[in-house]
Structure formats: structure tokens, C-alpha cells
Amino acid sequence: MRALVVNPGSTSLKLSIVDDGVPVDGAVVADWDGGPELPAIAELVFRNGRVDAVGLRVVHGGDRTGPTPLDENEIAALSRFEPTVPVHQPRALGLARALLRAMPGVPLFGCYDTTFHTRLPDHAATYPIPAAWRHRFDIRRYGFHGLSCANALRRTADLLGRAADSLSLICCHLGGGVSVTAIQDGHSVDTSMGFTPLDGAPMTTRPGSLDPGLVLHLLRELPLAEVESGLNHRSGLAGLSGTSGDLREVLARRAGGFAEAERAVQVYLHRLCREIAAARVSLRCLDALVLTGGVAEHQPGLCAELVGGLAFLGLATDPAALRGSGDRVVSPDWATSRVLVVRAAEELEIARELGTVLTAVH
Ligand SMILES: Nc1ncnc2c1ncn2[C@@H]1O[C@H](COP(=O)(O)OP(=O)(O)O)[C@@H](O)[C@H]1O
Ligand SMILES: CC(=O)OP(=O)(O)O
Ligand SMILES: [Mg+2]
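What counts and what doesn't
Residues numbered from 1 in each chain as written. Chains lettered and ligands numbered in written order. Predicted model: local features only at pLDDT ≥ 70, side-chain atom pairs only at ≥ 80, totals over all residues. Heavy atoms only, no water. UniProt positions renumbered as here; feature names shortened; annotations may be inferred. Helix = DSSP H or I, 4+ residues; strand = E, 2+ residues; numbered from the N terminus. Rg over C-alpha atoms; globule rule 2.2 N^0.38 Å. Buried < 20%, exposed > 50% of the residue type's maximum accessible area, 1.4 Å probe, protein only. Contact = heavy atoms within 4.5 Å. Areas by Shrake-Rupley, 256 points an atom, 1.4 Å probe, with all protein chains shown as cover. Lys, Arg positive; Asp, Glu negative; His and termini not counted. Charge placed at Lys NZ, Arg CZ, Asp CG, Glu CD. Salt bridge = Lys/Arg side-chain N within 4 Å of Asp/Glu carboxyl O. Near = heavy atom within 4 Å. Polar contact = N/O pair within 3.5 Å; in protein donor to acceptor, adjacent residues only side chain to side chain. Nonpolar A, V, L, I, M, F, W, Y, C, P; charged D, E, K, R; others polar. Domains from an automatic or database assignment. Patch = residues over 30% accessible without salt bridge, like charges linked within 9 Å, V, L, I, M, F, W, Y side chains within 5 Å. Pairing = 2+ DSSP bridges.

- The chain appears in an unreviewed UniProt entry as Acetate kinase from Kutzneria albida DSM 43870.
- Its UniProt record gives the chain the following Subcellular location (unreviewed entry) comment, quoted word for word: "Cytoplasm".
- Under the heading Sequence similarities (unreviewed entry), UniProt records this for the chain: "Belongs to the acetokinase family."

### A short note on the overall build of the chain
Phase 1 of the analysis: A count of helical and extended segments in the chain gives 15 helices and twelve strands.
Phase 2 of the analysis: Computed over its C-alpha atoms, the radius of gyration of the chain comes to 20 Å, within 12% of the 21 Å expected for a compact globule of 362 residues.
Phase 3 of the analysis: For the C-alpha atoms alone, the extent of the chain along its principal axes is close to 55 × 55 × 45 Å.
Phase 4 of the analysis: Residue burial in the chain is summarised as follows: out of 362 residues, 52% are buried.
Phase 5 of the analysis: Across the chain, every contact between residues at least 6 apart in sequence was considered, and the portion connecting residues at least 24 apart equals 65%.
Phase 6 of the analysis: For the chain, the computed accessible surface area is about 15,900 Å², with 55% contributed by carbon and sulfur atoms.
Phase 7 of the analysis: The chain carries 34 positive and 40 negative side-chain charges, and their two centres are separated by 2 Å.

### Side note on the pattern of salt bridges
Phase 1 of the analysis: A complete count under the given rule lists 18 salt bridges for this structure.
Phase 2 of the analysis: Between glutamate 43 and arginine 47 there is a salt bridge, with its nearest N and O atoms 3.3 Å apart. Linking glutamate 43 with arginine 47, this pair stays in helix H1 (residues 38-48), spanning four residues, or about one helical turn.
Phase 3 of the analysis: The partner of arginine 155 in a salt bridge is aspartate 158, and the shortest N-O contact between them spans 3.2 Å. Note that arginine 155 and aspartate 158 are positioned in helix H6 (residues 146-160) at a spacing of three residues, about one turn of the helix.
Phase 4 of the analysis: Its relative accessible area of 25% is what places arginine 155 among the partly exposed residues.

### Quick look at the site of ligand 1
Phase 1 of the analysis: Taken together, 16 residues sit near ligand 1, with Thr11, Lys14, Leu247, Gly294 and Gln299 positioned nearest.
Phase 2 of the analysis: At a separation of 3.0 Å, an oxygen atom of ligand 1 approaches a polar backbone atom of glycine 176.
Phase 3 of the analysis: Separating an oxygen atom of ligand 1 from a backbone N or O atom of leucine 247 is a distance of 2.8 Å.
Phase 4 of the analysis: Protein burial of ligand 1: of its 570 Å² of free accessible surface, 83% is covered by the chains.
Phase 5 of the analysis: Elements with a contribution of two residues or more to the shell around ligand 1: strand S2 (12-19), helix H10 (247-255) and helix H12 (294-298).
Phase 6 of the analysis: For the shell around ligand 1, the element with the most residues is H12, which contributes three residues.
Phase 7 of the analysis: Tallied by class, the residues present in the shell around ligand 1 amount to two nonpolar, eleven polar and three charged.
Phase 8 of the analysis: Of the domains in this structure, domain 1 (2-112) and domain 2 (163-342) are the two that each give at least three residues to the shell around ligand 1.

### Regarding the UniProt feature "site: Transition state stabilizer" (unreviewed entry) in the chain
Phase 1 of the analysis: Taking the numbering used here, the UniProt-annotated feature "site: Transition state stabilizer" (unreviewed entry) corresponds to His145 and Arg206.
Phase 2 of the analysis: Once you skip the residues sitting within four places of it in the chain, histidine 145 turns out to touch Arg57, Asp113, His117, His173, Gly177, Val178, Ser179 and Met193.
Phase 3 of the analysis: Tracing the sequence through the fold places arginine 206 in the loop between strand S9 (187-191) and helix H7 (212-221).
Phase 4 of the analysis: The contact partners of arginine 206, leaving out residues within four places of it in the chain, are Ser10, His88, Gly176, Gly177, Met193, Pro197, Leu198, Leu231, Asn232, Ser235 and Gly236.
Phase 5 of the analysis: Looking at arginine 206, its side chain comes within polar contact range of the main-chain oxygen of proline 197, at 3.0 Å.

### Focus on the site of ligand 2
Phase 1 of the analysis: Within the structure, ligand 2 sits among Gly9, Ser10, Arg57, His88, Asp113, Phe144, His145, Gly176, Gly177, Met193 and Arg206.
Phase 2 of the analysis: One nitrogen or oxygen atom from the side chain of arginine 57 is found 3.0 Å from an oxygen atom belonging to ligand 2.
Phase 3 of the analysis: Out of a free accessible area of 260 Å², ligand 2 has 95% covered by protein chains.
Phase 4 of the analysis: Taken together, the residues that form the shell around ligand 2 break down as two nonpolar, six polar and three charged.
Phase 5 of the analysis: Summarising the domain contributions, the shell around ligand 2 has at least three residues from each of domain 1 (2-112) and domain 2 (163-342).

### Regarding a nonpolar patch on the surface
Phase 1 of the analysis: Where nonpolar side chains cluster on the molecular surface, the patch consists of Leu216, Leu219 and Leu224 and spans about 290 Å² of accessible area.
Phase 2 of the analysis: Considering the arrangement of structural elements, one finds leucine 219 in helix H7.
Phase 3 of the analysis: By relative accessible area, which is 37% here, leucine 219 ends up partly exposed.

### Details of the pairing of strand S3 (residues 22-30)
Phase 1 of the analysis: Summarising the sheet, S2 and S3 pair through eight bridges and their orientation is antiparallel. What sits directly across from leucine 15, in S3, is alanine 27.
Phase 2 of the analysis: Hairpin connection between S2 and S3: a loop of two residues separates the two successive antiparallel strands, and aspartate 20 in this loop has a positive phi of roughly 45 degrees.

### Side note on the UniProt feature "active site" (unreviewed entry) in the chain
Phase 1 of the analysis: As annotated in UniProt, the feature "active site" (unreviewed entry) corresponds to Asp113 in the numbering used here.
Phase 2 of the analysis: Along the chain, the position of aspartate 113 falls in the loop between strand S6 (108-112) and helix H4 (122-125).
Phase 3 of the analysis: Residue classification places aspartate 113 among the buried residues on the basis of a relative accessible area of 1%.
Phase 4 of the analysis: Look past the residues within four positions of aspartate 113 in its chain and what remains in contact with it is Arg57, Val58, Val59, Gly143, Phe144, His145, Gly146 and Leu147.
Phase 5 of the analysis: In this structure the side chain of aspartate 113 is engaged in a polar contact, spanning 2.8 Å, whose partner is the side chain of arginine 57.

Here it is in C-alpha cells:
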């Protein structure tokens, strides 16, 4: 089966062709403005020939436990999550509508970040707020980056020669968005992103967890739209460092001796360590910490700093292994738990999910 995979992230749009589980071609629209980018999609499909199906990463799928065919009704149903996921959901659904028009007759499926977290235990998913609010507004921890977690789990099982459902892992996704997920028995048992992808560790432009009283205070002082845009687009590393929030830029400023950039990195690492330590509480043991996403793939120095703060969990990195490339173990043999760096191959997970649903249909 040849699949076109469309992955709209907060900082880029990634397009891939996956042929029987093997990525054969791709394109990345960096600094993506949210448009449907049909010329880039058309060029990729033209170069590779007909595709059997299209898989679109949709960040919020509610309680959907697997891919669903996207038609006008399903897109309308998914649009109820646009207000709580304003950076991703409207853009993904805009792409869905454009793909339906541009590629009629090719099955289009939504594949969801939330699916991997649908079996979160009740105590991890439930917020301590009035029951009436929880029920009326479907308020619970949904969790995101699940396609990346599923891929990280599969790759870790391969690399460690273990069955996926026997592993206790912490998966740390470090991209435009950042999340930390505790994985046990093959599924998510706790995760740092919550009702929305604003929660958890600081990100490129999002703050991660905040005192709810702080948000209430801002809402008394500023219009809702300004608070919303400030928390989605001007917080996190951007807000701390006065840059775009791209870690390449933050680290370059830090190397140039800018104190705000140094503090930004320290806040980022401290809060990440807190989330990782918190995730450990949900696991029976810790077989491995898996680092994935653009930052994990391209910034070995920062990975070493992060893991340096986690020695109390039995974690360490090996400098020579960190300098290597590809999916790999980067911890020394003497460490109690492994550390791995794995590419965030969400496209492979999406293609795998498509393969499963299409085989079931035929
Ligand atoms: N050398 C690099 N090349 C690409 N991205 C990098 C590099 N170094 C750090 N990054 C970080 O990776 C992030 C992008 O990660 P990625 O997983 O592709 O994000 P997303 O899927 O959210 O768009 C950028 O925000 C950037 O800070
Ligand atoms: C959910 C989320 O934040 O995704 P991304 O990292 O791709 O922006
Ligand atoms: Mg991403």
C-alpha cells in the first residue's frame, strides 16, 4: 500500500510517501503559514504516482480509538475541538477539506494524537474540579503526541529486543510542542499535556503548566483573545528569550552570552526534569527514557544536559553515542536505565494505522 501522509505540526507541515511501511519520499514546509499547500502535495504525488490512501495527522480526536474516514460530517464533528486546540485543529481540518476536494476518490483518514492516550487510567485522566463542569464540558486529560509515542514505543522495543507491552518507558517528545508520557503495558498511563496541548512542559511558544490563578488574573486584566494568543504564540521559549522560540536561535543567543537565553534554557530543562520525574511515579520500573522530536534529533548537547539532571533516576548519556546518528541507545552500559534517541516518525505510525484499517475493510 502506498500512502500519502500529511502531518501538520505547530512549526512545520511534513509530507511523506510511505510505500508498504517504507518512507520513500517527503517534503517539509518549514515556517508553515497554515495554508493547504496543495502545490507541494501535488508535486509529491506527481513524482511518486498514485497513492492508495491519505492519512492526515489530526491532533484532537476526542475518544476515537483509531483512524476514521474523513468526510464533511466527520470534519464537522472534529471542529468542536478547534477552540481548545487553536494552533493545530483548524489548520488540520482546513487541509482535510482541501484534500477531499483535490483528491476525490482517494480514501482520506484522520489519525489522532489522542488515540494512544484513550486508555489513561481514571486517576490520571480526571481533573479535580466540580463534577458538573467535567460532565458538561467533557473535561479530562486527553493527551497529545500519541502517534509519536506509539512510534517511539515500537522503535524502543526493536532496539532493546523486548516486547513492546513488557516495557516501562518515559517518552519525551521535544518538538514545537513538548510532552512527557509514561508508557506501561503498551499504552499511556500518564501524560503531561492535558485537556489542551498548552499543558505540561514549556514549549517553543506555549508555556506548559501554569497556576490557574495566574490565568484568572490575566483574564481580569486583559481581553480573552489577547490572553489566548499570548499563551499560544508568545510564551514558552519565545516569551523567555525574546526570540522566535526556535531552540536553534535560543542556543545561538545563549552561546553569544545573552542572559535571557541562558535563563530560558534553564527554565526549559528544569520544567522538563520535573515532568519526567513526575511521570516516573506512574511506572512500576523505568526501562528507558526515549527522547524524540526535532530537538532530540538535532541537539545532542541539550539532551546531555537534560539527562544530566536525571541521574537520580539511574539515567546517564554516553558522549560518543550521542554524537552518532539514527535511532539509537545513547546511555552507557553501566547505567541502570537506558536512554534512547528516536526520530519522531509519526508518518510511519500513521501509515501503519492506515494499513490496519484498509486491511480490515478489504
Ligand atoms: N538542527 C535542527 N534542525 C531542525 N530543527 C531543530 C534543529 N535543532 C533544533 N530544532 C528544533 O526542533 C523543532 C522542530 O521540531 P519538530 O519535531 O520538527 O516540530 P513540529 O513537528 O512541532 O513542527 C524546532 O522548533 C527547533 O527548535
Ligand atoms: C500537539 C502538539 O503540540 O504538536 P506539535 O508538537 O506538532 O506542535
Ligand atoms: Mg511534530
